[in-house]
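Residue-level structure breakdown
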Amino acid sequence: MLLNRRIPVLFFLREIRREALLVFLFANVVVLVKFSLGLWTLTVPIAIPTLLGTCISLLLAFRTNQSYDRWWEARIAWGAIVNDSRSFIRQLIMYLPDSPDRHDLVSSFVNRHCAWCYVLGDALRGHIIPDHLTNFLSPAATKRIMESDNKPNALLLAHGESIRELYAEGQLTDYQMVQLSDTLTKFTDSMGRCERIKNTVFPRTYTFHMQVFIYLFAAVLPFCFDADMYYLDVPLVTLIGSAFILIEKSAIQLQDPFEGRPTDTPVTTIANTIEINLKTMASYEAIPKKAEALTYYSL
């Protein structure tokens, strides 16, 4: 995912190329008809597209704001996952008594939790990468998780079962058990917020009405230029219409932050950061490198 990098211009051009081409062709048709038939007096008062443009601007501002809220909520949820993940492993390191298998116990939770972070991101994008399980879990555990309908939830359940076993063995007190359970609840809440954003579809009627207004504006605009400005007719109509279309497309991209696009919430990069943090806290000998934060969208 693209974080603090410039998004390629071709990415934006590809997103609006069809719509911009339609506006360009329509403007050319209008100019050719007016030129060939001498209908330069066929003009529309500039107040009409001005009013339409103002209305569209207000609607686009509202649409962009609502879409950004969805994107930002997704980022807040993953920010909470980062903080709670660190707290979870720190609690285990603090609570588990000194014993020969203490490091192995903590490592088992670290591996399972790293798998959960990666698998949650995969599930939100609609596909599961098996390596994100096999790299951290045993073949038997991987098979059990892969058979589950909700794989991230199954990993959290495995966390809970392991904590219950530690409590039954007397390695955790009642208070420590409650604290760890509360942390797992926070993970469940963050996962639920992400799933709600993913599964809640932005109203299609709003998108349809927005596009109708934009195309109506682009259809009226070519009739507003005088005969002595015919050379500006096509480029101005295309640029102004494409600007509105691009803003609307940007809002559509922001409203779905888990679709594998450059504008999405960088869930894989965040999961990699969590893996590095947790393995460092658990004193792993092999710490993974920081993943490259740039994966270009296919152009």
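In this text the structure is predicted, and so the values were computed from the model without any measurement.

1. With respect to the overall build of the chain
Helix and strand counts for the chain stand at ten helices and zero strands. Moving toward the C terminus, one meets the helices and strands of the chain in the order α-α-α-α-α-α-α-α-α-α. Each of the three principal axes of the chain carries a C-alpha extent, and together these read 95 × 30 × 30 Å. A total of 299 residues make up the chain; the buried ones form 44% of that total. Within the chain, residue pairs in contact and separated by at least 24 positions form 77% of the contacts whose partners lie at least 6 positions apart. Looking at the chain as shown, the accessible area adds up to about 16000 Å², and 62% of this sits on carbon and sulfur atoms. Counting 28 positive and 29 negative side-chain charges, the chain places the averaged centre of each group 4 Å from the other.

2. Notes on the packing of aromatic side chains
Inspection of every chain in the model, using the stated rule, returns eight aromatic pairs. Their ring planes at 90° and their centres at 5.7 Å tell us that Phe-88 and Phe-187 sit as a pair that is edge-to-face. With Phe-88 in helix α2 (residues 47–95) and Phe-187 in helix α7 (residues 174–199), this pair connects stretches of sequence that are 99 residues apart. The buried category is assigned to Phe-88, whose relative accessible area is 0%. Given a relative accessible area of 0%, Phe-187 falls into the buried group. Taking 5.8 Å as the distance between ring centres and 20° as the angle between the ring planes, the aromatic pair formed by Tyr-118 and Phe-136 counts as stacked. Highlighted residues: Tyr-118 in helix α3 (residues 102–124) and Phe-136 in the loop between α4 (131–134) and α5 (139–146), separated in sequence by 18 residues. Of the residues examined, Phe-136 reaches a relative accessible area of 11% and is grouped as buried. An aromatic cluster is present here, built from Phe-88, Phe-109, Trp-116 and Phe-187 joined pairwise through their rings. If you follow Arg-112 out to its NZ or CZ, it ends over the ring of Phe-109, 5.2 Å from the centre.

3. Thoughts on the nonpolar core
In terms of nonpolar packing, the biggest core is built from 47 residues, with Trp-78, Phe-88 and Trp-116 touching the most fellow members. For this core, the secondary-structure elements that each account for two or more residues are α2, α3, α5, α6 (151–168), α7 and α10 (267–281). For this core, the leading source of residues is α3, giving twelve residues. Leaving out residues up to four positions away in the same chain, Trp-78 has contacts with Cys-117, Leu-120, Gly-121, Leu-124, Cys-194, Phe-258, Thr-265, Val-267 and Ile-270. Membership of the second largest hydrophobic core comes to 19 residues, among which are Val-23, Leu-60, Phe-217 and Val-237.

4. Some points on the environment of Leu-254
For Leu-254, the location among the structural elements is in helix α9 (residues 230–255). A relative accessible area of 18% means that Leu-254 is categorised as buried. In this structure the C-alpha to C-alpha distance between Leu-254 and Ala-158, which are 96 residues apart in sequence, comes to 33 Å. Filtering out sequence-adjacent residues up to four positions away, Leu-254 remains in contact with Ser-67, Tyr-68, Trp-71 and Thr-263.

5. Quick notes on the environment of Asn-272
Checked against the element boundaries, Asn-272 lands in helix α10. As a C-alpha pair, Asn-272 and Lys-290 span 18 residues in sequence and 6.9 Å in three-dimensional space. Look past the residues within four positions of Asn-272 in its chain and what remains in contact with it is Tyr-118, Lys-289, Lys-290 and Ala-291.

6. Observations regarding the pattern of salt bridges
Here the structure, examined in full by the defined rule, presents eight salt bridges. With a closest N to O distance of 3.5 Å, Arg-70 and Asp-256 form a salt bridge. Taken together, the residues Arg-70 in helix α2 and Asp-256 in the loop between α9 and α10 connect sequence positions 186 residues apart. On the basis of relative accessible area, Arg-70 is assigned to the buried category, the value being 12%. Look at the salt bridges and you will find they share partners, linking Glu-73, Arg-193 and Arg-196 into a network.

Definitions and limits used
Residues numbered from 1 in each chain as written. Predicted model: local features only at pLDDT ≥ 70, side-chain atom pairs only at ≥ 80, totals over all residues. Heavy atoms only, no water. Helix = DSSP H or I, 4+ residues; strand = E, 2+ residues; numbered from the N terminus. Buried < 20%, exposed > 50% of the residue type's maximum accessible area, 1.4 Å probe, protein only. Contact = heavy atoms within 4.5 Å. Areas by Shrake-Rupley, 256 points an atom, 1.4 Å probe, with all protein chains shown as cover. Lys, Arg positive; Asp, Glu negative; His and termini not counted. Charge placed at Lys NZ, Arg CZ, Asp CG, Glu CD. Phe/Tyr/Trp six-rings, centres within 6.5 Å; stacked < 30°, edge-to-face > 60°. Lys NZ or Arg CZ within 6 Å of the ring centre and 35° of its normal. Core = buried A, V, L, I, M, F, W, Y, C linked by side-chain atoms within 4.5 Å. Salt bridge = Lys/Arg side-chain N within 4 Å of Asp/Glu carboxyl O.

None of this, on its own, says anything about what the molecule does.
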